[in-house]
Number of protein chains: 2
Amino acid sequence: MKPMESEVLREQGHIMIDFIADYYKNLDDFPQDFPVLSQVQPGYLRDMLPDSAPDHPESLKELLDDVSKKIIPGITHWQSPSYFAYYASSTSVAGFLGEMLNAGLSVVGFTWVTSPAATELEVIVLDWLAKLLQLPNHFLSTGNGGGVIQGTGCEAVLVVVLAARDRILKKVGKISLHRLVVYASDQTHSSFRKACLIVGIHEENIRLLKTDSSTNYGMPPESLEHAISSDLAKGFIPFFICTTVGTTSSAAVDPLVPLGKIAKSYGIWMHVDAAYAGNACICPEYRKYIDGIENADSFNINAHKWLFANQTCSPLWVKDRFSLIDALKTNPEYLEYKVSKRDEVINYKDWQISLSRRFRSLKLWMVLRLYGTENLRNFIRDHVNLAKHFEDYVAQDPHFEVATTRYFSLVCFRLAPVDGDEDKCNERNRELLAAVNSTGKIFISHTALSGRFILRFAVGAPLTEEKHVTEAWHIIQKHASKLIRNGNY
Amino acid sequence: MKPMESEVLREQGHIMIDFIADYYKNLDDFPQDFPVLSQVQPGYLRDMLPDSAPDHPESLKELLDDVSKKIIPGITHWQSPSYFAYYASSTSVAGFLGEMLNAGLSVVGFTWVTSPAATELEVIVLDWLAKLLQLPNHFLSTGNGGGVIQGTGCEAVLVVVLAARDRILKKVGKISLHRLVVYASDQTHSSFRKACLIVGIHEENIRLLKTDSSTNYGMPPESLEHAISSDLAKGFIPFFICTTVGTTSSAAVDPLVPLGKIAKSYGIWMHVDAAYAGNACICPEYRKYIDGIENADSFNINAHKWLFANQTCSPLWVKDRFSLIDALKTNPEYLEYKVSKRDEVINYKDWQISLSRRFRSLKLWMVLRLYGTENLRNFIRDHVNLAKHFEDYVAQDPHFEVATTRYFSLVCFRLAPVDGDEDKCNERNRELLAAVNSTGKIFISHTALSGRFILRFAVGAPLTEEKHVTEAWHIIQKHASKLIRNGNY
């Protein structure tokens with residue numbers, strides 16, 4: 001037995017392809033066999049597996065039997081057509097093929113020389129995508145900026161807050177770390193606070209500006225302006241604003257135009273986290289949501305969320321790549337390699353946390369080429385239309401209400417309060433959520449907005465069609481009726 | 001056209017499997033067609049690809065033609081049997097199948113509920129691996145410790161230095177950040193310094209203790225003891241030691257037994273970075289290199305380096321998982337989910353930088369089951385024997401010398417100096433490296449040890465056999481002879 005034999009890979013690879021194709025076929029044809037939200041109990045797997053690794057090889061057949069019987073019941077089916085929770089993490093045939101090819105070639109392009117194609121394709125594909133998104137020229141590789149694929153939006157915000165930290169500390173001295181302050185809204189993704197704490201920003205200097213329904217949960221520019229002035233007056237050093245286009249909670253949109261002007265006037269780094277909704281901006285009709293991007297220093301989307309790229313594919317563009325490199329570069333002797341003197345090359349190890357990196361641009365390139373931009377726009381439009389369809393159902397049922405203005409493919413809704421009793425309303429919506437998800441037929445999630453418990457219906461899985469949305473609504477309605485019928489609502 | 005259709009996945013997946021199997025077959029049968037180190041020039045790809053993404057879909061055939069003609073010439077073949085650079089990033093049939101299955105199921109197990117199997121399999125497989133490595137019980141999930149798969153060793157050291165930082169700052173107050181000091185040797189991976197800078201440790205407080213050939217580049221315990229005493233006397237706060245078993249430069253081994261005693265006596269967090277060599281410790285005969293691990297607070301190996309797991313699979317074990325969770329937890333409302341009250345579950349989002357995470361345990365589980373532990377040990381032993389074989393060649397040639405004691409599958413060697421002229425020797429070894437790598441027939445790398453330019457021959461690619469090592473030696477010898485014959489050596 002050897003770790004790699006091409007003919008074993010061929011034989012077993014074909015078996016695995018059929019296994020995965022059958023999974024998708026069954027997911028669609030026999031939904032009752034695949035509870036969208038896994039219904040297993042904590043600790044279920046421990047008793048089904050041995051206590052230690054086997055001494056001798058087992059067959060692929062044995063392994064796949066175990067996957068079917070022991071693993072699949074314990075997975076929550078993110079790719080199910082009836083998955084409507086959180087935001088989707090959408091794969092596609094092209095994204096899957098891209099992951100396969102990456103795993104097959106298995107190169108590690110941390111510096112240019114360790115696989116020139118891995119670096120150069122990433123530069124090219126991110127320029128393609130920047131053009132599709134109509135990003136300002138300073139985000140293209142031709143100037144001082146450029147793109148890099150991070151694993152996640154969390155990594156993206158961490159590296160930019162770090163770059164901004166080091167840029168400001170170079171001016172004010174690192175002993176002033178405790179005076180640095182950052183701004184975001186109370187709707188900003190939790191990874192922003194986490195990133196700030198990692199790089200040493202004091203927790204009490206993280207200003208999460210309050211939002212409410214009056215701005216549909218977008219950050220009010222006057223609050224930002226006021227917070228900055230007040231901090232400056234107290235001797236703090238404002239250096240970073242994290243804005244969001246399409247928040248995780250309700251897909252709220254921060255108004256980039258006024259926020260960007262404020263950031264610019266104070267010389268503060270503005271990051272735009274458009275992890276989910278940024279993908280929609282490849283459609284001309286949604287591009288307006290990132291108007292004002294020209295005043296941002298960095299911009300991030302998760303192509304694994306809604307550009308069908310499969311997991312951990314998070315393009316980040318920065319206006320000044322040298323600020324990233326200054327904060328992240330390493331120069332060990334064992335990685336030194338001189339390419340021809342006249343050419344400068346990109347070494348992506350200096351744009352990210354980790355040295356090693358996957359050849360992620362491959363799958364992005366394949367998604368763009370195998371679908372073409374027109375189809376990609378239509379995939380997104382289909383999802384938005386399905387969300388509209390669901391929103392219409394909600395709006396037509398007097399027991400329910402739409403909770404926020406919908407911009408993209410997320411509908412925030414709830415059973416409406418009766419006689420203004422918000423506490424009871426929250427309780428009923430919690431019950432409804434639990435009841436619906438315990439059917440295994442659909443999976444939706446929730447959030448809190450101004451103390452209200454809100455249900456979230458997010459369209460984005462790659463197999464979802466109108467019939468799944470209609471069925472989901474019927475399930476929700478049926479369980480709501482039960483709650484109502486039972487009298488205590 | 002839709003993003004996912006099972007029968008399109010099936011048809012195109014089979015084509016991709018054949019493409020990848022053919023790649024491995026050709027890599028082995030027609031090495032002349034695949035220069036191990038890519039020989040393209042910077043910017044080569046820009047002219048070969050269009051300036052923007054296509055509007056309309058292209059066929060998989062067109063895409064794969066482009067992969068063959070434009071991408072493959074620009075990749076450095078990490079999986080080639082004649083790849084001997086850096087350390088290998090080894091795939092295998094099982095590791096590849098695991099990546100496929102992960103990409104196919106495409107679940108995101110950030111909390112237990114979002115895919116219980118993804119969390120529970122990770123816990124179980126890391127317990128299996130901990131037992132194989134004979135790690136102390138406190139690293140198992142049954143106590144306060146446990147394992148988590150990070151993407152890379154860089155992420156692993158970042159999260160543990162962060163956990164240790166927050167643990168000490170809780171005692172001494174965060175305003176004392178500038179007094180914190182960390183220790184490692186001057187051979188420690190560059191990611192350690194990078195991690196320290198990210199979390200705000202002052203650069204001048206990173207003590208990289210000098211090593212030399214007298215300890216075969218292992219960290220001298222007396223230097224550590226001395227540095228700590230001296231720092232304490234000056235009012236600094238020592239809190240972290242990064243030790244290495246198998247350094248990136250020369251596979252040096254820090255003596256964990258005495259270092260661990262020192263760490264313990266001062267209450268300092270000791271991390272063991274065994275990214276490469278830790279994998280060999282599944283063989284009883286190599287386990288001795290991590291003797292002393294019982295005094296470590298955290299331990300990391302890269303299973304993608306030498307456990308055939310394919311990319312970004314870096315198991316990390318910690319003695320106190322709550323220190324990790326305290327530093328990394330987030331609690332957004334939209335991820336709240338109560339499982340039954342009596343059971344506590346692991347939410348791996350709180351053990352790492354990112355929220356999203358891949359189902360990486362799947363491939364580790366598949367490697368362990370499809371090969372069995374005996375075969376895995378033998379794969380490692382085969383590589384070590386091939387390295388011994390190469391070392392014998394070097395030792396028998398009077399023009400060459402072995403530069404450090406070899407422990408694992410890395411041989412550090414060089415053309416020996418003539419008349420003690422070290423500068424000229426360095427220059428000649430640089431020339432030899434460039435000449436050998438420009439043939440495209442093999443790829444080796446280099447390092448610097450005590451100012452000497454050293455060649456590195458690291459065995460670890462999954463197709464490598466004795467004939468490849470012998471051929472590599474002949475190529476090196478041939479080019480060395482040319483240098484010698486040309487008179488100026």
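Along each chain, residue indices are assigned from 1 in the same order as the chain's sequence is written. Chain labels run from A onward and ligand labels from 1 onward, assigned in the order the entries are written. This being a predicted model, a pLDDT of at least 70 is required before a residue's local features are given, and a value of 80 or more before pairs of side-chain atoms are given or counted; all residues contribute to the totals for chains, interfaces and linings. The side-chain figures draw on all heavy atoms in the structure; neither hydrogens nor water molecules are used.

1. What to know about the interface of chain B and chain A
We count it as follows: Should any heavy atoms of two residues lie within 4.5 Å, those residues are considered in contact. Here the buried area means the combined drop in accessible surface, using a 1.4 Å probe, for two parts upon being joined, counting both sides. Take a side-chain nitrogen of Lys or Arg and a carboxyl oxygen of Asp or Glu: if they are within 4 Å of each other, that pair is a salt bridge. We define a polar contact as two N or O atoms separated by no more than 3.5 Å, with the added condition that, inside protein, one atom must be a possible hydrogen donor and the other a possible acceptor, whereas residues neighbouring each other in sequence contribute only through side-chain atom pairs. Numbering of helices and strands runs from the N terminus; a helix is a DSSP stretch of H or I covering at least four residues, while a strand is a stretch of E covering at least two.
Counting residues at the interface gives 156 residues for chain B, matched by 156 residues for chain A. Both faces considered, chain B and chain A share a buried interface measuring about 14,000 Å² in area, 65% of it formed by carbon and sulfur atoms. Summed over the shared surface of chain B and chain A, the number is 16 salt bridges. Across the pair arginine 358 of chain B and glutamate 99 of chain A runs a salt bridge whose closest N-O atoms are separated by 2.5 Å. On the surface where chain B and chain A come into contact, there are 78 residue pairs in polar contact (both at pLDDT 80 or more). For the side of chain B that touches chain A, the secondary structure elements donating two or more residues are helix H1 (6–29), helix H2 (60–71), helix H3 (93–105), helix H4 (116–132), helix H5 (153–172), helix H6 (190–198), helix H11 (361–396) and strand S11 (443–449) of chain B. It is H1 of chain B that provides the largest number of residues to the side of chain B that touches chain A, a total of 18 residues.

2. With respect to the domain arrangement of chain A
Residues and elements named next belong to chain A. Where we set the bar: Residue ranges assigned to the domains are those given by an automatic or database domain assignment.
What the domain assignment lists for chain A is domain 1 (108–358) and domain 2 (369–485). Using C-alpha coordinates to define each centre, domain 1 is positioned 31 Å away from domain 2. Contacts between the two partners involve 25 residues from domain 1 and, on the opposite side, 23 residues from domain 2. By the criterion of area lost to domain 2, the three top residues of domain 1 are Asn216, Trp306 and Phe308, representing 27% of everything that side buries. At the surface where domain 1 touches domain 2, the tally comes to one salt bridge. Here arginine 381 and glutamate 285 are joined by a salt bridge, their closest N and O atoms 2.6 Å apart. Inspection of the domain 1/domain 2 interface yields twelve residue pairs in polar contact (both at pLDDT 80 or more).

3. Quick word on the pairing of strand S11 (residues 443–449) of chain A
All names here are of chain A. Rules: Throughout, exposure labels follow a simple rule: accessible area from a 1.4 Å probe, protein chains only, divided by the maximum for the residue type, with under 20% read as buried, over 50% as exposed, and the rest as partly exposed. At least two DSSP bridges between two strands are required for those strands to pair.
Extensive coverage of S11 is indicated by the burial of six of its seven residues. Relative to S11, strand S1 (residues 83–84) runs parallel, the two sharing two bridges. Bridge pairing in S11 places phenylalanine 84 opposite isoleucine 444. Examined bridge by bridge, S11 and strand S12 (residues 452–458) share five bridges and lie antiparallel to one another. The partner of alanine 448 across the bridge, within S12, is phenylalanine 453. In sequence, S11 turns back onto S12 through a hairpin of two residues, with serine 450 there showing a positive phi of about 50°.

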